[in-house]
Amino acid sequence: MDVLLNFVEMMEFTAKQIAEFIGGHVEGNEQATVHTFAKIEEGKEGAITFLSNPKYTQYIYDTKASIVLVNDNLELEHPVSTTLIRVPNAYESVAKLLQLYASSLPKKTGIDPLAFVSPSAQIGKDVYIAPFAYVGEGVKIGDGTRIFPHVTIYDGCQIGKNVTIHAGAVIGADGFGFAPNTEGYEKIPQIGIVIIEDNVEIGANTCIDRSTMGQTIIHEGVKLDNLIQVAHNCEIGQNTVMSAQAGMAGSTKIGAWCMVGGQAGFSGHIHVADKTMVGAQCGVINNTKGNGETLIGSPAMDPKDFFKAKALYRRLPDMYKEISALRKEIEELKKNK
């Protein structure tokens, strides 16, 4: 705890202090000090950085950063001038330090005069609502939530505690419900709400539609990137994360602890099991099998099947030529009978 307090109050700390806090081992100067963060390729004196992706290993030999967090199993081909702190997982360790740094910064609270909050809305303690945000009638917002500029929260939606909603996100717009008739399409009223549980983060310009009836639900701990579409009556399970431009059609249910890559798409009325890994640009059109499944491609399939199919796909031009040649040979044989 003393190390934690020193880290926050002094904003300059030694390799030894950092190692004690994150459970690492120092290689080099234990008294090397840092006061800022930097990417490894942009490292400078007085900065701490990290190396977790092997693609960036080349930069560790020339970085000017004073301290670099690295994985325990990293093997170096050449000596380095920087001080290393070896940890089981460098990415997790730097995240821990960044969280500590962020927690030391002053937090804005209150409702900005340029925001609109309906008199019937219920606002918790230590909430921040930025300029030009809109909070509609009957909205409930829990303690410690942060709502950034141009966020729109439609009537009746419920936001939990410690939620972050980034600029331009829209919570509770009508779901895309239309019934075809002889004259075109008749709008189906969307009378449900959106419920966002505690500790959720929603990226900029993400849209979460209200349900036709009942609730669209984002469960506790979910993290949504920018530009994501969540349609009416969808449900996202606890601690699932989704990358940018993913989209869910209506009434899709995604389980807990899933990971969804960018631009992945989900058909409506399907269920994705807990702990499913969905690759970028994956198209999921059916229910998934069970825990731990990994899917890639469109339509979504097992990676082994996908890469087999991909290998055959690359050979199609040559295979077509071979088949055409065989057809000609067969025709010639028929003629010569």
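Residues numbered from 1 in each chain as written. Predicted model: local features only at pLDDT ≥ 70, side-chain atom pairs only at ≥ 80, totals over all residues. Heavy atoms only, no water.

Draft legend 1. Here's a closer look at the overall build of the protein chain. Scanning the protein chain from N- to C-terminus turns up four helices and 36 strands. Its C-alpha atoms give the protein chain a radius of gyration of 26 Å, clearly above 20 Å, the size a compact globule of 337 residues would have. The 337 residues of the protein chain split such that 39% are buried. Partitioning the intrachain contacts of the protein chain with sequence separation of at least 6 by distance along the chain shows that 18% fall at a separation of at least 24. Summed over all atoms, the accessible surface of the protein chain reaches about 19100 Å², with 53% contributed by carbon and sulfur. Counting 30 positive and 38 negative side-chain charges, the protein chain places the centres of these two groups 8 Å from one another. (Helix = DSSP H or I, 4+ residues; strand = E, 2+ residues; numbered from the N terminus. Rg over C-alpha atoms; globule rule 2.2 N^0.38 Å. Buried < 20%, exposed > 50% of the residue type's maximum accessible area, 1.4 Å probe, protein only. Contact = heavy atoms within 4.5 Å. Areas by Shrake-Rupley, 256 points an atom, 1.4 Å probe, with all protein chains shown as cover. Lys, Arg positive; Asp, Glu negative; His and termini not counted. Charge placed at Lys NZ, Arg CZ, Asp CG, Glu CD.)

Draft legend 2. Examining helix α3 (residues 90–104) more closely. Over its 15 residues, α3 runs 21 Å from end to end, which matches the ideal 21 Å to within 8%, given 1.5 Å per residue. For α3, the set of buried residues is A90, S93, V94, L97 and L100. Down the axis, α3 shows its buried residues gathered within 115° of arc, on one side only. Within α3, the exposed residues directed more than 90 degrees away from the buried face are Y91, E92 and Q99. Its side-chain oxygen at 3.1 Å from the backbone nitrogen of Y91, N89 defines the N-terminal cap of α3. (Expected span 1.5 Å × (residues − 1). Arc of directions from axis to C-beta. Polar contact = N/O pair within 3.5 Å; in protein donor to acceptor, adjacent residues only side chain to side chain.)

Draft legend 3. Main features of the side chain of T288. Within the element layout of this structure, T288 appears in the loop between β35 (283–284) and β36 (294–295). The class of T288 is buried, set by a relative accessible area of 13%. Side-chain polar atoms of T288 contact the backbone nitrogen of A273, separated by 2.8 Å. Excluding residues within four positions of it along the chain, T288 makes contact with H271, V272, A273, T276, E293 and L295.

Draft legend 4. Layout of the sheet that holds strand β24 (residues 215–218). One open sheet holds the eight strands; their spatial order is β10-β13-β16-β21-β24-β27-β30-β33, and the pairing between them is parallel. Strands at the two margins of the open sheet, each flanked by one partner only, are β10 (122–123) and β33 (271–272). (Pairing = 2+ DSSP bridges.)

Draft legend 5. Broad picture of the pairing of strand β20 (residues 184–187). Direction of pairing for strand β19 (residues 178–181) relative to β20: antiparallel, over a ladder of four bridges. Each bridged residue has a counterpart across the sheet, and for N181 the counterpart in β20 is G184. In this structure, the hairpin formed by β19 and β20 is closed by a connection of two residues.

Draft legend 6. Molecular detail of the nonpolar core. The biggest cluster of nonpolar side chains holds 45 residues, and the ones touching the most others in it are I153, I171, I196, M242 and F266. Setting aside residues no more than four positions away along its own chain, M242 makes contact with K223, L224, D225, I228, I236, M248, I254, V260 and F266. With 16 residues, the next largest nonpolar core counts I48, I67, A90 and L97 among its residues. (Core = buried A, V, L, I, M, F, W, Y, C linked by side-chain atoms within 4.5 Å.)

Draft legend 7. Representation of unusual backbone geometry. A cis amide bond links S298 with the next residue in sequence, P299, at an omega value of 0°. For P299, the position within the fold is in the loop between β36 and α4 (303–335). Non-glycine residue F132 carries a positive phi angle of around 70°. With respect to the element layout, F132 can be found in the loop between β11 (128–129) and β12 (134–135). Residue class for F132 comes out partly exposed when judged on its relative accessible area of 48%. At K275, a position not held by glycine, the phi torsion is positive, near 60°. Here K275 falls in the partly exposed class, since its relative accessible area comes to 43%.

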